[in-house]
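The lines below spell out each chain.
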Amino acid sequence: MSEYNFSQIEKKWQEVWEKEGVYHSDPDPKRPKYYVLEMFPYPSGRIHMGHVRNYTLGDIIARVKRMKGYNVLHPMGWDAFGLPAENAALKHGVHPADWTFSNIAYMKAQLKKLGFSYDWRREITTCTPDYYRFEQKFFIEMYERGLAYRKKTLVNWCPKDQTVLANEQVEDGRCWRCGTEVTTKEMEGWFLKITAYAEELLQDLDKLEGKWPEKVITMQRNWIGKSVGAEIKFFVPDLEEDLIVYTTRPDTLFGATFVALSPEHEMAKKLAEKKGLKAKLEEFIEKVRKERRAIEEGRAEKEGLFLETFAVNPLTKEHIPIFAANFVLMEYGTGAIMCVPAHDQRDFEFAKKYGLPIRVVITPKDKVLKAEELESAYEDPGILINSNEFSGLWSEEAKERIIAKLEELSLGKKKVTYRLRDWGVSRQRYWGCPIPIVYCERCGIVPERIENLPVVLPLNVQIDKTGKSPLPYLEDFVNTTCPRCGGRARRETDTFDTFVESSWYFLRFASPDPELPFRKEDIEYYLPVDQYIGGIEHAILHLLYARFFTKVLRDLGYINFDEPFEKLLTQGMVIKETYRCPVHGWIYPEEVSSDGKCLKDGCGEKVEVGKPEKMSKSKCNVVDPDEMIKKYGADTVRLFIAFAAPPEKDLEWSDHGIEGAFRFLKRLYSLISSYADELREVELKEEELKELSDKLLKLRRKLHQTIKKVHIDFEERLHFNTGIAAIMEFLNHLQDTLKELSPDDLKDHKAKILLKEVFIKTLLLLSPVCPHICEELWEKLGGEGRIVNAKFPTFDPTLLKEETFVLVVQVNGRVRDQVEVPADITKEKALELALSLPKVKKFVEGKSIKNVVFVPQKLINIVV
């Protein structure tokens, strides 16, 4: 084995650890547990550097906690259903199952090469019937509780992927996966009633404050979108019935000059029929559907259709016109709103376009607003005017008083609404979990019997290249008998949204029982997850769904806790600079000459260097983990990933940086190996290190200070980069100290004991990051057992405090302050500290320093 053949070392120890089962975890009530989980991957083909970063961070946490005495559960599995696998399989002309399992085998081998501390006994693959049978069971129980239902509704439709998308899966009007512009379509589909948990999902975010990133909590709060307002009755004489509008600003009721309905509102259709506007309304509805995405994002021009009738304001008794308007969504509130142009910008623009009145009813304290002078709506709170007995009240008080008046007159009531919509889980694709529902000619919608589960996805199918699901055309699958009456029935052919699988997988990891979704006693021991790690892109989708599922399973009696993830770490992306040739477009770094010219096909054009971006094949800035492991070893990759940036920040890939990490490990390996034979038999007795020379004591102090810093950075702050920096700084200090010591100094028995302590504890500190090299050097030094099973080093509090003295600070020879400083403080540091002291600053500020006299361990005199 050559001196730096880290790959051989890594292979050796990975085989030993697997054989000895060092990462296995089983419930043990006598030991505290710690559940570390990284978001599991789609088996898309290959592990990329974003995966490596995510899993390296989780692995460091798991290893530190194991060293701290916890019974650590650290599992891994595969989010194996869904569009990524199906689309890739179609592209490569293979079956999704073959593509998926082939990728799992490859990716698993990649993960093992990186030495991650997973308990592979608990591996789960969500596309297997032994996993999704329980998902089907949960769905049936939710259906029986009224939490799952089928309805016809306008849905988000991705034309490319040929499937429905939940609201949360539409980003800036485009499909979250393929980027295609999303349209709308009216379809029957299955929904989970997440809105039944809206308030609890919102309130329980308070429990996560300080444990989850504030950005994620804010995103979820905004998505749930609670608003407190009022439902108000506007009488419509032409129909002799009340129109119920919803508003969050009842304080502006006296300023309402028109009412707007969603074009699909039942009253809009009734009025169109009555007024001979049916064809116009239908045309308008079709136009709104086509432009829905642009409307929701505020990009479309406001448009309306006057329905040639009026509604009566309940408090002013004024008759105001009713419009069908493209900016009113049927899903929000009641699908009808009162419009106050003076105090809502959208209403203001609509009123200007259609020549409708604008009436000011709220004004700021120090200014009187006039409708004819408004250039935009005044939307802030203020003092009511032109509002009868409510004039003079501040907005917030007026809201309550007006609602109370409406309730007294039976003309309205206080109402809470949410932006959150029920989760559409039907997907019109093949590669997913079958929805366990049958449609009986006699009984209607009937859930499959629990004992008949799983409803297995047929694998012997041909998939159309367009992505159209073959399930509706498989007679053996579709035709079945009714679980209730035994008559003829047909199966549901939609499959579940893949986010259903990832909404409960963390529970299955803790207890992969063949007959139960999970054993209660295992869940009570391991759950909730103590530390969850994944990308910010899942802030709304996966994290919100997992929180919802947890609460549902609690109410179904499966679990006894409210939130799935105690702490959340959202790691940044791995980014790299890009290179663009005006002729060839994006090119690889190796296709750029040293003077910045394109080398591709002898091009010679000047290459534009772009800012660092997320790694992608299309931009030729991908770094292959396999190549890096082959060239430098897994420990070097892990070290660079952990050292290059704080976990929550983006990490810019640097070839120079990974070379630096490699040099550091070679230096560490060489240094400890050179002393290993001499120190192997030395017994580490710390009680013999009481009286040391100044140099050795300083080294030991530095070691224990480093242990404390790494403990804080690795376990409490999760700032692995600064902890690693402290270890590197200590290694530099150690090498400097060794240069200062004579051969005779190093022959001293105490020096040998100290050196062994230094090496052993340095390896223990670094082992969560670089486990293979540390295990190898641990063995060379004669460390007890395996380093993976060793305890994290502790620091001696008596060694933390440097020797200090009180520095007297003078200005022009007069004492201005005193401060305690380290005994070895330099003149430069002493001056910097002195100038920061308020009592000194006032005598030197604005003056030039002529001279500085520094007497070590006594005083500093600043002459100005």
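(A) Quick peek at the overall build of the protein. Across its full length, the protein holds 26 helices and 33 strands. For the protein, the C-alpha atoms occupy an extent of roughly 105 × 80 × 70 Å along the three principal directions. When each of the 864 residues of the protein is scored for burial, the buried share is 55%. Here the analysis covers contacts within the protein between residues at least 6 apart in sequence; of these, 72% occur between residues at least 24 apart. Taken as a whole, the protein presents about 38600 Å² of accessible surface, with 49% of it coming from carbon and sulfur.

(B) Spotlight on the side chain of D347. By secondary structure assignment, the location of D347 is in helix α11 (residues 345–354). Relative accessible area serves as the criterion here: at 2%, D347 is assigned to the buried category. Looking at D347, its side chain comes within polar contact range of the side chain of R346, at 3.4 Å. The contact partners of D347, leaving out residues within four places of it in the chain, are F258, F327, M338, C339, V340 and P341.

(C) A look at the packing of aromatic side chains. For the structure on display, the rule yields 44 aromatic pairs. Measuring from ring centre to ring centre gives 5.0 Å for F81 and W431, while their planes differ by 75°; the resulting arrangement is edge-to-face. Here F81, found in the loop between β2 (71–73) and α3 (83–92), pairs with W431, found in the loop between β18 (426–427) and β19 (437–440); they are 350 residues apart in sequence, far enough to count as distant. You'll find F81 and W431 in the same group, each marked buried.

(D) Spotlight on the pairing of strand β10 (residues 258–261). Burial along β10 is two-sided: the residues F258 and A260 and V259 and L261 are all buried. The pairing of β10 with strand β13 (residues 336–339) spans four bridges and is classified as antiparallel. Counterpart to F258 in the pairing with β13 is C339. Relative to strand β12 (residues 319–325), β10 is paired through three bridges, and the arrangement is parallel. Looking at β12, one finds that V259 is bridged to I322.

(E) Representation of the pattern of salt bridges. Applying the stated criterion across every chain yields a total of 66 salt bridges. Of the charged contacts, one joins R63 and D59 as a salt bridge, the two residues approaching to 2.8 Å between their closest N and O atoms. Residue R63 and its partner D59 are located together in helix α2 (residues 49–67), separated by four residues, close to a single helical turn. Both residues of the pair, R63 and D59, belong to the buried class. E757 serves as the salt-bridge partner of K761, at 2.9 Å between the closest nitrogen and oxygen.

(F) View of the environment of V574. Looking at the element boundaries, V574 is found in strand β26 (residues 574–581). The class for V574 is buried, based on a relative accessible area of 4%. A sequence separation of 78 residues divides V574 from E652, and the C-alpha atoms of the two residues are 5.9 Å apart. Residues contacting V574, with those up to four places away along its chain left out, are M49, G50, R53, E613, K614, M615 and L651.

(G) Summary view of helix α20 (residues 694–717). For α20, spanning 24 residues, the distance from its first C-alpha to its last is 33 Å, which sits close to the expected 34 Å at 1.5 Å a residue. Just past α20, the residue L718 takes up positive phi, approximately 55°.

(H) Examining unusual backbone geometry more closely. Residue P454 is bonded to the preceding L453 through a cis peptide linkage, with omega at 5°. Here P454 lies in the loop between β20 (444–447) and α13 (475–478). In this structure, the amide linkage connecting L527 to the following residue, P528, adopts the cis form with an omega of 0°. One can find P528 in the loop between α15 (520–526) and β24 (529–535). Phi at S410 takes a positive value of approximately 60°, unusual for a residue other than glycine. Within the secondary structure, S410 is located in the loop between α12 (395–408) and β16 (412–418). Residues other than glycine seldom take positive phi values, yet L718 does so here, at roughly 55°. As for its position among the elements, L718 is in the loop between α20 and α21 (720–740).

(I) The packing of helix α8 (residues 266–275) against helix α9 (residues 278–290), seen in detail. Running from amino to carboxyl end, α8 crosses α9 at an angle of 145°, the nearest separation of the two axes being 7 Å. Residues A268, K269, A272 and E273 of α8 form the contact with α9, whose participating residues are K278, L281 and I285.

(J) A look at the side chain of Q571. Relative to the elements of secondary structure, Q571 occurs in strand β25 (residues 565–571). The buried category is assigned to Q571, whose relative accessible area is 12%. Residues contacting Q571, with those up to four places away along its chain left out, are G50, R53, N54, L57, I533, G534, G535, P647 and E648.

(K) Representation of the sheet that holds strand β22 (residues 488–491) within the structure. Ordered in space as β20-β19-β22-β21, the four strands form an open sheet in which the pairing is antiparallel. Edge positions in the sheet fall to β20 and β21 (479–481), since each has one partner strand and no second. Recorded for the sheet is a direction-independent mean angle of 40° between the axes of neighbouring strands. As defined by bridge partners, β19 adjoins β20 across four bridges and the pair is classed as antiparallel. Note on β20: the bridge partner recorded for I437 is P447.

(L) Focus on the sheet that holds strand β32 (residues 851–855). Strand order in the open sheet formed by four strands is β31-β30-β33-β32, and the pairing between neighbours is mixed. With partners counted over all chains shown, the strands left at the sheet margins are β31 (814–822) and β32, one partner each. Put simply, the sheet's adjacent strands are angled 20° from each other on average, direction ignored. Note that strand β30 (residues 804–811) and β31 share eight bridges and pair antiparallel. Paired with V809 across the bridge in β31 is D817. On top of the sheet, helix α25 (residues 827–836) reaches β30, β31, β32 and β33 (859–863); it is set at about 65° to β33, its chief contact.

(M) Seen up close, the environment of K112. With respect to the element layout, K112 can be found in helix α4 (residues 96–113). Here the alpha-carbon distance between K112 and S469, two residues 357 residues apart in the chain, equals 35 Å. Discounting residues that sit within four places of it in the chain, K112 has contacts with Q14, E18 and W120.

(N) Structural detail: α12. Taking 1.5 Å per residue, 14 residues should reach 20 Å; α12 reaches 20 Å between its end C-alpha atoms and fits that length. All buried positions along α12 are accounted for by S395, A398, K399, I402, I403 and L406. The buried residues of α12 occupy an angular sector of 130° when the element is viewed end-on, so they sit on one face. Looking at the buried residues of α12, the elements they touch are β8 (226–236), β14 (362–363), β15 (383–384) and β16.

So, how was this worked out
Residues numbered from 1 in each chain as written. Predicted model: local features only at pLDDT ≥ 70, side-chain atom pairs only at ≥ 80, totals over all residues. Heavy atoms only, no water. Helix = DSSP H or I, 4+ residues; strand = E, 2+ residues; numbered from the N terminus. Buried < 20%, exposed > 50% of the residue type's maximum accessible area, 1.4 Å probe, protein only. Contact = heavy atoms within 4.5 Å. Areas by Shrake-Rupley, 256 points an atom, 1.4 Å probe, with all protein chains shown as cover. Polar contact = N/O pair within 3.5 Å; in protein donor to acceptor, adjacent residues only side chain to side chain. Phe/Tyr/Trp six-rings, centres within 6.5 Å; stacked < 30°, edge-to-face > 60°. Pairing = 2+ DSSP bridges. Salt bridge = Lys/Arg side-chain N within 4 Å of Asp/Glu carboxyl O. Expected span 1.5 Å × (residues − 1). Axes fitted to C-alpha atoms, helices over the stretch in contact; angles between N-to-C directions. Arc of directions from axis to C-beta.

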